[in-house]
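Geometric and topological summary
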Amino acid sequence: MARVAVLHHLERSALGHVEAPLRGAGLELDERVLFRGDDLPAAADVDGLVVLGGDQSAVNADADPLLAREAALLREMLAAEVPVLGICLGGQMLAHALGGTVRHVGRIVEWRGLRKTAAATGDPLFGGLEEPVPAMHWNEDVFEAPPGASVLLEPAPAGVEAFRAGTAWGVQYHPDVDRSVFEDWMRAWGHEVPDHDALRRATDEWMAAQDRASATLFGAFARVVLER
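Each value, and the rule that gives it
Residues numbered from 1 in each chain as written. Predicted model: local features only at pLDDT ≥ 70, side-chain atom pairs only at ≥ 80, totals over all residues. Heavy atoms only, no water. 1 Å grid on protein atoms, 1.4 Å probe; cavity = no way out; pocket = protein on both sides within 12 Å on 5 of 7 lines; lining within 4 Å. Points joined across faces, edges and corners; volume = space filled by probe spheres on them. Nonpolar A, V, L, I, M, F, W, Y, C, P; charged D, E, K, R; others polar. Helix = DSSP H or I, 4+ residues; strand = E, 2+ residues; numbered from the N terminus. Buried < 20%, exposed > 50% of the residue type's maximum accessible area, 1.4 Å probe, protein only. Pairing = 2+ DSSP bridges.

Before going further, it helps to examine empty space enclosed by the protein. Applying the stated rule across the entire model yields two cavities of 30 Å³ or more. Estimates place the volume of the largest cavity at around 50 Å³. What lines the largest cavity is simply Leu 10, Ser 13, Ala 14, Leu 52, Gly 53, His 174, Asp 176 and Trp 185. Taken together, the residues of the lining of the largest cavity sort by class into four nonpolar, three polar and one charged. Space inside the second largest cavity adds up to approximately 40 Å³. If you go around the second largest cavity, the residues you meet are Leu 129, Val 133, Pro 134, Tyr 173, Pro 175, Gln 210, Ala 213, Ser 214 and Leu 217. Looking at the lining of the second largest cavity element by element, the count peaks at four residues for helix α5 (residues 196-227).

Structure, rendered in structure tokens:
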């Protein structure tokens, strides 16, 4: 059975939309909870890697021993052509590992409707997405695409929303967030949201499209892993 490692950075981390498409494709999920001390996987031991969000900052990744090791792992995965999908902090770490810039912009909690760039046409993950692409943001840092990468979604008020570099994809937003994850985050970090009612209304408007887009994205990632 092909194996996909999933790196968790948050104490309240959950698979959300990641789980059903990958398990439904017959993939084994090897979850690594890094804040509990789980080891990082080796590129030779997995067929794919999903890196989830967290409250650490990739701005100072070189000064953090764990994040520095994670950046080295991401470069190792890319060199071995192992498919990688980085989400929020995971996308920032991927950009950092490949020479992109990550910077702090302050807390952002909002939904955006995105459109595909010309580079997304035919892309194995993003080519099949419907527009507008729902994008749930809950972050403080943004990233620029690393040298040679293709930007896949726009617009972004700061940084980029999604990029591809070889067999690796990084996104700023949270396709992993389903209704259950959203409600859990509101209980834990709702104090960061200036207008709860407005965010809940936006979530009600976007969640059905989020469900469809996430199933498409993670299902496509599963196919990339299996084709490898």
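Here the focus is the pairing of strand β3 (residues 48-51). Taken residue by residue, a regular strand's side chains alternate between the two faces of the sheet. Residue alternation in β3 divides its side chains into two sets, Gly 48 and Val 50 and Leu 49 and Val 51, and both sets are buried. As judged from the four bridges shared by strand β1 (residues 3-8) and β3, these two strands associate in the parallel manner. Of the residues in β3, the one forming a bridge with Leu 7 is Val 51. Where β3 lies against strand β4 (residues 84-87), three bridges are found, and the strand directions are parallel. Along β4, the bridge assignment pairs Val 51 with Gly 86.

The next thing to look at is the layout of surface pockets. Leftover empty space is mapped by rolling, across the atoms, a probe with the size of a water molecule. Taken as a whole, the largest pocket holds about 360 Å³ of empty space. Taken together, 19 residues line the largest pocket, and the ones lying closest to its centre are Gly 54, Asp 55, Arg 107, Trp 138 and Asn 139. Residue assignment for the lining of the largest pocket shows that the elements contributing at least two residues are α3 (89-97), β5 (102-116), β6 (133-143) and α4 (179-189). Per element, the largest residue contribution to the lining of the largest pocket is four residues, and it comes from β6. Grouping the amino acids of the lining of the largest pocket by side-chain chemistry returns six nonpolar, eight polar and five charged.

Judged from the ten bridges that link them, β5 and β6 form a sheet pairing that is antiparallel. Among the inter-strand pairings, His 104 is bridged to a residue of β6, identified as Asp 141. Bridging between β5 and strand β8 (residues 153-154) involves two bridges; their strand directions are antiparallel. Bridging across to β8, Arg 115 finds its partner in Glu 154.

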